[in-house]
Each structure stands twice: as structure tokens, then as C-alpha cells.
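The residues making up each chain are set out below.
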Amino acid sequence: MRRAGQYITGYTVHRIRVNEKISPNVGKMIVEAPDVARYRKPGQFIMLRVDEYGERIPLTIADVDGEQGTITLYYQIVGKTTEQMSRLEAGGSLKDVAGPLGHPTEIRNYGTAVCVGGGIGVAPIYPIAAALGKEGNRVIGVIGARTKELLILEREMGQVCERLVVCTDDGSHGRKAFVTEALAEIMAAEKVDIVVAIGPVPMMRAVSEQTRPSGIKTLVSLNSVMVDGTGMCGGCRVTVNGEKRFTCVDGPEFDGHQVNFDELMTRLNTYRDEEALSMREHRCRLEGGRS
Amino acid sequence: MKEKIPRQPMPEQPPAERVRNFKEVPLGYSDETARLEASRCLQCKRPTCVDGCPVRIDIPGFIKAIRDGDFLESIRVIKLTNSLPAVCGRVCPQEEQCEQLCVLTKKGESVAIGKLERFAADYEREREQLEIRASAERKNGRVAVLGSGPAGLTAAGELAKLGYRVTVFEAFHSAGGVLVYGIPEFRLPKAIVQYEVDALAKLGVEIVLNRVVGSAGTVNELLAEGYDAVFIGTGAGLPLFLEIPGENLQGVYSANEYLTRANLMKAYKFPEYDTPIARGDSIAVVGGGNVAMDSARMALRLGSKKVHLIYRRSRAEMPARVEEVHHAEEEGVIFQLLTNPVRFIGDEKGRLKAVECVRMELGEPDDSGRRRPVVVKGSEFTIDADVAIVAIGNGPNPLIPRTTPGLALNKWGNIVADEESMKTSRKGVFAGGDIVTGAATVILAMGAGRKAALAIDTYLQTGEW
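What counts, and at which threshold
Residues numbered from 1 in each chain as written. Chains lettered and ligands numbered in written order. Predicted model: local features only at pLDDT ≥ 70, side-chain atom pairs only at ≥ 80, totals over all residues. Heavy atoms only, no water. Helix = DSSP H or I, 4+ residues; strand = E, 2+ residues; numbered from the N terminus. Rg over C-alpha atoms; globule rule 2.2 N^0.38 Å. Buried < 20%, exposed > 50% of the residue type's maximum accessible area, 1.4 Å probe, protein only. Contact = heavy atoms within 4.5 Å. Areas by Shrake-Rupley, 256 points an atom, 1.4 Å probe, with all protein chains shown as cover. Lys, Arg positive; Asp, Glu negative; His and termini not counted. Charge placed at Lys NZ, Arg CZ, Asp CG, Glu CD. Pairing = 2+ DSSP bridges. Axes fitted to C-alpha atoms, helices over the stretch in contact; angles between N-to-C directions. Core = buried A, V, L, I, M, F, W, Y, C linked by side-chain atoms within 4.5 Å. Arc of directions from axis to C-beta. Buried area = accessible area lost by both parts, 1.4 Å probe. Salt bridge = Lys/Arg side-chain N within 4 Å of Asp/Glu carboxyl O. Polar contact = N/O pair within 3.5 Å; in protein donor to acceptor, adjacent residues only side chain to side chain. Nonpolar A, V, L, I, M, F, W, Y, C, P; charged D, E, K, R; others polar. Disulfide = S-S within 2.5 Å. Parallel < 35°, antiparallel > 145°, perpendicular 65-115°, else oblique.

### What about the overall build of chain B?
Logical step 1: Secondary structure assignment for chain B yields 18 helices and 16 strands.
Logical step 2: What you see for chain B is a C-alpha radius of gyration of 23 Å, in line with the 23 Å of a compact globule of 465 residues.
Logical step 3: Structurally, chain B occupies a C-alpha span of about 65 × 65 × 50 Å along its principal axes.
Logical step 4: Within chain B, the fraction of its 465 residues that count as buried is 61%.
Logical step 5: Contacts in chain B between residues at least 24 apart in sequence constitute 69% of all its contacts with a sequence separation of at least 6.
Logical step 6: Surface exposure of chain B reaches about 18700 Å², of which carbon and sulfur atoms provide 51%.
Logical step 7: Positive and negative side-chain charges of chain B, numbering 60 and 61 respectively, have mean locations separated by a distance of 1 Å.

### Focus: the sheet that holds strand β6 (residues 93-94) of chain A
All names here are of chain A.
Logical step 1: Overall, antiparallel pairing links the seven strands, which are arranged β6-β1-β2-β5-β4-β3-β7 in an open sheet. Two strands in the sheet have a free side with no partner beyond their single neighbour: β6 and β7 (96-101).
Logical step 2: Examined bridge by bridge, strand β2 (residues 26-32) and strand β5 (residues 70-76) share seven bridges and lie antiparallel to one another. Directly across from Val26, in β5, lies its bridge partner Gln76.
Logical step 3: Against the sheet, helix α2 (residues 80-87) touches β1 (14-23), β2, β3 (45-49), β4 (57-65) and β5, its axis set at about 125° to β5.
Logical step 4: Sheet strands touched by helix α3 (residues 122-134): β4 and β5. Its angle to β4, the strand with the most contacts, is close to 40°.

### Concerning the nonpolar core
Residue and element names in this part refer to chain B.
Logical step 1: By size, the foremost hydrophobic cluster in this structure holds 80 residues, and its most contacted members are Ile59, Phe62, Ile63, Ile66, Leu116 and Val166.
Logical step 2: With ten residues, the top contributor of residues to this core is helix α18 (residues 442-462).
Logical step 3: Residues contacting Phe62, with those up to four places away along its chain left out, are Ile57, Ser74, Val77, Ile78, Ile113, Leu116 and Glu117.

### Remarks on the sheet that holds strand β16 (residues 253-255) of chain A
For sheets, the rule is that strands pair by backbone hydrogen bonds, running either parallel or antiparallel.
Residue and element names in this part refer to chain A.
Logical step 1: An order of β11-β10-β9-β8-β12-β13-β16 is seen for the seven strands of this open sheet, with the pairing classed as mixed. Both edges of this open sheet fall to β11 (175-176) and β16, since each of them pairs with a single strand only.
Logical step 2: Relative to strand β12 (residues 194-198), strand β8 (residues 112-118) runs parallel, the two being bridged by five bridges. The residue of β12 that forms the bridge with Cys115 is Val196.
Logical step 3: Packed on one face of the sheet, helix α5 (residues 179-189) meets β8, β9 (138-145), β10 (163-168), β11 and β12 and runs near 155° to β9.
Logical step 4: Taken strand by strand, helix α6 (residues 201-211) contacts β8, β12 and β13 (217-221), and its axis lies near 165° from that of β12.

### Points about helix α2 (residues 31-38) of chain B
Logical step 1: Taken together, the buried positions of α2(B) are B:Thr33, B:Ala34, B:Glu37 and B:Ala38. For α2(B), the angular spread of buried residues about the axis comes to 135°, placing them on one side.

### Notes on the interface of chain A and chain B
Logical step 1: Contacts between chain A and chain B engage 51 residues on the former and 54 residues on the latter.
Logical step 2: Carbon and sulfur atoms make up 52% of the area that chain A and chain B hide from each other, which totals about 4500 Å².
Logical step 3: One can count five salt bridges joining chain A with chain B.
Logical step 4: Where A:Asp35 meets B:Arg211, a salt bridge forms, and the shortest distance between an N and an O atom there is 3.4 Å.
Logical step 5: Counting every contact that joins chain A to chain B gives 25 residue pairs in polar contact (both at pLDDT 80 or more).
Logical step 6: When the residues that make up the side of chain A that touches chain B are grouped by side-chain class, the tally is 17 nonpolar, 17 polar and 17 charged.

### Re the state of the cysteines
Logical step 1: Considering all chains together, one arrives at zero disulfides over all chains under this definition.
Logical step 2: Here A:Cys167 is not cross-linked by a disulfide; its sulfur's nearest cysteine counterpart is in A:Cys161, at 13 Å.
Logical step 3: For the unlinked cysteine B:Cys102, the closest cysteine sulfur is that of B:Cys49, found at 6.5 Å.
Logical step 4: Classification of B:Cys102 by relative accessible area gives buried; the value is 11%.

### Topic: the pattern of salt bridges
Logical step 1: Per the stated rule, a full pass over the model turns up 51 salt bridges over all chains.
Logical step 2: The salt bridge partner of A:Glu52 is A:Arg49, with a shortest N-O separation of 3.7 Å.
Logical step 3: In this structure A:Arg49 comes out as buried when scored by relative accessible area, which is 3%.
Logical step 4: The network of salt bridges with shared partners includes B:Glu12, B:Arg18, B:Arg187, B:Asp294, B:Arg297, B:Arg301, B:Arg321, B:Glu324, B:Glu330 and B:Glu331.

### Concerning the side chain of B:Glu117
Residue and element names in this part refer to chain B.
Logical step 1: Of note, Glu117 is situated in helix α8 (residues 113-127).
Logical step 2: Lacking a salt bridge, the buried Glu117 has Arg321 as its closest oppositely charged neighbour, with an N-O distance of 8.7 Å.
Logical step 3: What Glu117 contacts, discounting residues up to four positions off in sequence, is Ile57, Phe62, Ile78, Asn82, Pro85, Cys88 and Gly89.

### A short note on unusual backbone geometry
Logical step 1: A cis amide bond links A:Gly99 with the next residue in sequence, A:Pro100, at an omega value of 0°.
Logical step 2: Mapped onto the secondary structure, A:Pro100 falls in strand β7.
Logical step 3: In this model, A:Gly251 is joined to A:Pro252 through a cis peptide bond whose omega is 10°.
Logical step 4: Relative to the elements of secondary structure, A:Pro252 occurs in the loop between α7 (247-250) and β16.
Logical step 5: Positive phi, normally seen in glycine, also occurs at B:Arg56, with a value near 50°.
Logical step 6: Position of B:Arg56 among the secondary structure elements: in the loop between α2 and α3 (59-67).
Logical step 7: Unusually for a residue other than glycine, B:Asn210 sits at a positive phi of about 60°.
Logical step 8: Mapped onto the fold, B:Asn210 is located in the loop between β3 (206-208) and α12 (219-224).

### A closer look at helix α13 (residues 255-262) of chain B
Three- or four-residue spacings in an α-helix give side chains the same orientation, since the helix completes a turn every 3.6 residues.
Logical step 1: Burial within α13(B) is extensive, with eight of its eight residues counted as buried.
Logical step 2: B:Ala255, B:Asn256, B:Glu257, B:Tyr258, B:Leu259, B:Thr260, B:Arg261 and B:Ala262 are the residues of α13(B) that are buried.

### A few points about the environment of A:Ala276
Logical step 1: Relative to the assigned elements, A:Ala276 resides in helix α9 (residues 272-290).
Logical step 2: C-alpha separation for the pair A:Ala276 and A:Ala182, spaced 94 residues apart in sequence, amounts to 34 Å.

### Structural notes on the packing of α3(B) against helix α4 (residues 71-79) of chain B
Residues and elements named next belong to chain B.
Logical step 1: Running from N to C, α3 and α4 point in directions that differ by 170°, and their axes come no closer than 7 Å. As judged from the angle between their axes, α3 and α4 are roughly antiparallel. In this structure, α3 uses Gly61, Phe62, Ala65 and Ile66 to contact α4, whose residues at the interface are Phe71, Glu73, Ser74, Val77 and Ile78.
Logical step 2: Taken together, the residues of the contact of α3 with α4 break down into six nonpolar, two polar and one charged.

Shown next as C-alpha cells:
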């Protein structure tokens, strides 16, 4: 039952409990969203809007606290919206949070599961790794980032994985390797039943190519451009196995062997110029305000 | 014999001016013009116009009140059966409903029923004089309304007036459904929608935004958690595409996405508002309905130099309102009729640069009774376009059907509901609007919302299904 007075008609306050930088370009936010916290399952996402002028952006739900009615989000500071998020303080609020959206990850006992997370992709892979472990899988984690300070959730991943391989491109922490190299070694050493890979598109494509010859089931989670997140706009359409699918209501996870990654890359670049302009103007205003 | 009064035109922003702004195009009648137009009504004893109205407004009744200068009485008459007259006066296809059946149509021009309806509604809204009449009697029963579009708003309003406790769940951050995300400001000012939503709130309807029922809780859970009935009015939420090569290039939009960015997200004010939209020099819109016209006219206002509207049949078969077609043409939209796209052509970066089309001719009638367009062999040609907008309709959104066991669907995935009671196959669950009919009109959705409210009242009072 919803608590009486929980909603002011037409408006719900999503109070921020925690907002902190966990790396130079990644923030962690814990925010009140009781409906989302109540219904969310691993693999699902929300749409959020920072303020009245804001864009709606999708973000994976990394964790929930049902009792507190809060959700945990990790966001990479890549554009105006996420930059604004990084400036919000505990006690402040987000204008809108809608979700959970998308199909949950199909959690069952596959046997040995390798969870590969690259960059910010470690945030969505973490709850999936935890859920797969709970279901009795032997979970091996592979996480990577360009350099040590960009690596997130290493400790948390360590807690839910039987084994965790940490890679950095520059060797500043863990192994100097790409996640694909670590995955290749694991695949050579033992039988892998499922791979879940979340990260930059080139990484997900590379992992999918790597597992294709042996036919290991490979799930990827796509970060398509979305407006509503409920099937209405079709902006998130991707080609999977030659068919048009909507990331929001058919995904966000798809069989990596069937996704047309080239097309996804192209569509992700649709607003590159506008995003740059938006960020530039935002920075100008911020700097103007300081002087 | 007195001189015959011609149908009174409504003043409009001139085309050259209005394509540079987003303000409403028709400006409304003055009191005098409205009374003059109302005086044209013959006050038929057996008014055929009413038969053409899906919500059976007492048309001669409200027009007589306008004629007599009692404008508040006229809106009171309208609101007995139509809870959103300011909307309907603007977006209903009157020429194929009430006005088509007006006796004067045979003699020349019908009474401008839609424009008079708009006048009455605007008069009241601008003065905020009409008190909202909720039933003094509170009735036992809580109703959940899913979706805040025309069907949901109407059902919620009627139920609240009957004395029920109503909660509307809306997936977006703003209430109004297609009235806010789909229909542009220049055709339906958003302040009007907000006024209607506020009126619901004043009636005591609780409106919960950002709540995607089907994903955040299910119909079953609502029924288990204290709601006695559920009305599903979630609309036609899944855009159809042409399924031709190149449709996923950058710059190809569904009309839903294009209009939602422009309207709901205010991309026309980018970068003041954060949501971007592709602004091309040359635009190709595919489709012949109101949504296609809205998209084409929006593209002009976003600064496009050339806007082509590609439609596979001829002008006579266009499903859009006559007024929308007329406005689009006045504003300079280039009509490519009897034309069908076969391929979107991109550049090396994956951006749209042209649409390859073929010319069509009309053959034998198809199932819809309209003559089927067939390809003219060897007629391929290309239209340069950096943005294309596909406006060929919507399928039903899967979120509610997928999560509501036992809810009967038809072969297209629309919810099956009784035509009169809007009852579905699930006890206590009613549905209406586009989720039942497939893409239709605002007024039909409202009619369904109204019928459902009455049926819900009966169900809650008798307990009989």
C-alpha cells in the first residue's frame, strides 16, 4: 500500500541521500525513489531528469534499499546532465525518476558465469554478478578501466565474485591488460557457460566476437539514446538478429552475438554536436557565475 | 427574406509569420463573431449533428446559448457530456462528425460547430468562472486510471464527479498523454491541457507522475492493494516503422520521438532546454494523418527550408483533418502524393542524406474501402533529406498486456473491451482509447473514457460483472 500523503498530487520529491565522486569522472548517488526500490530487479534501469529544463536520461539501477526506499546510481560525467548531477548535494533532489524499466536479467543457474565490466559498465554488472552468485553460479568477475583512478566498485565486486580479475590499460592497478585478454585466459582455462558484458560499445563488441566461435551465451546491455524509456519513441531501436528491437521494452540486454554494434555506434553519435554545444554553454555559465 | 450570413472564418496568424513561431494558429472568435456564427444554426427539432458526435453534445442547445449571449450557459451545456471542450474544439475532425451531418452542409457550409465549442470553452477558461461540480455524495470505491491522455482524463473526471476516489498513474513527468507529447503547441496550447489537469486535481483526483504501471507494479497488484477497479487508457504507444533499408540511420525519427522531443521536452528551445533535436535543411515526412501534418509543420518552425510530405495515396484519402492539410499547404509543405519511400540513403558517417521513392497509382479498393496504391514501374527518384520522420501509426504498448495475465488481446495486441461497457476479460478491469481501438481520435478516446466511467459506477454499485 502506498503511504497516505506520500504523493503531493502531480509531484514526488526524489531527495538525494548521498552524492559523492568515486573517481574523477564517476559519481555515486543514493536517491529516494520508493516505487523503483520496491519493484526493481537486476538489469533494470530508470529514466531521470535533473530539473525542469533537463533531458531524460537512462541510468542502470546498481542497488536498492527497500526499507529506505532508495536506489543507488553510478554515473559517468560525460555531458551536461551528468555534470549537473555531480554538483547536487545530499538534501537536494532530482526532478523526476521513473522506473524500473526494461526486462530484468534472466537470473538462473548457468554454471560458470563470467561478468565483464568496463569503465562505468562495472556499475550495472555488479548487481547482476551478485544475483548470479546468489543463484548458485560460480561467478568470475573481470573489471577494467583505462587507469587505476577510473576503476570503480572493485571491493564490492570482490565480495560477490568467487574470483575477480582487475585490469587497467596502463597497468597502474591490477594487470596491464584489456578485459578481453583476461577473458581469453579464463575461457582457455575452463568451461564458461555464460558471459555478461557491460561497458563501452567497442568492448561489448569485442567480447561478443571472442565468445562467438565457441557459442558461449553472451549478454550485453545496451545504452541506446532514449526519450521516454517505455516503448513510445522508438529512438532506442537496434537491429538484433536482423530485426528491429527497442532497447527499452525488448532489452536492455540482448544476445551479443546478434546485435548490430556498428549501427548502435552510429545512432549513439546522433547528437554529438548538440551534446558538445550543451556542455560548452553549461561550462560558460558556470564559469561566468564564478567570476 | 433576410440576407444569408456566411460561415464566419476564424482569424489566423498569417502563414509567413506563424512558421517562425510556435504560437497557436487560429486566434479564436470575438464575442460578436461567435454570436453571429451561432445565429446561423437552424435549431433543428431533430438535430442530426448530435448523431455525429461521439459524446453526443447537445449541439443546438449550446449554440443557442451562444446566440443569446449566455456564454457560461453554453459551456455548461457542453460540459454535461464533454469534459475537454477546449481540446475537442481544436482537434476533433468536425468535418466528418457533427459538421458533416449539419443540415446546412447540404445547402453550402455547415455551422462552425467546432469553432463555437472552442469559443465557449475559451471564454470560460479565460475567466475561470465555472465552478466545478463534484457530487456532494462520496461513494465507496477507489479507481486506478492508467494513463493521463484523453481517455484517462475523461474517465478520471467523470468518476471523481460521481464521488469516487481516483488515482491517475502517468508514466511521463507531465500529465496529458498525447495532448502534451504529441500535439504541438501551435495546434493545442499546453496551458489548456494544464488547465484541464488542474481541474481534475481540484476535483480531488490524485495524479501520480513518473509511474509506469506494468513495470512498477502491475494491474493485479493495484487490485490487490485497495483499488476496486482499474481503467487502462495507455494509448497507442509503440511506433510503427516502414521496415525499409536505412531506417536506423542518424536523422530518421518516428513521429513520436520527433514530436516528443519538440513538444514535451521543448527541444525547440535547445540549448535553453537540454533535449536536442536534429534540425535539417530538407525534411521528409512519411504519412498522411494529423501526426504527419504536425511533424511537417513542426519541422518548418524548427527552421527547415524544405519540408516534403510523402504519402502513398492521393489527397482525397488523407486521414488528416482538412484544416491541418490546408494549414500545412499554406505554410509551404511540399506534398509528394502517390509516392512511397523504398529506401533511406545515408552518407559514409551513417547520416541520412536522401530518401529513394517510387510513384504510385490507385488500383482496386482494399479492405479499408480505399483504392489500393500500386507501384508505377520504373518511377524511382530521390528526395534530398537530412531528417526523415516516419508518421505511419502506432501499435499497442506491450507493458500492461505483458504483465496482466488473463487480459484478452486481439491479433494486433490491442486489449479487447466491450464496446459499450469497456469491460475487458478481467473482472474489475476496463480499457478504452487507442490501446483498444488502435490509433484513433481524441474524441473517440474520450467517449470510451466516459462510457467506462459509467460502467465502473454500475459495477462498483452492484458488484455485478
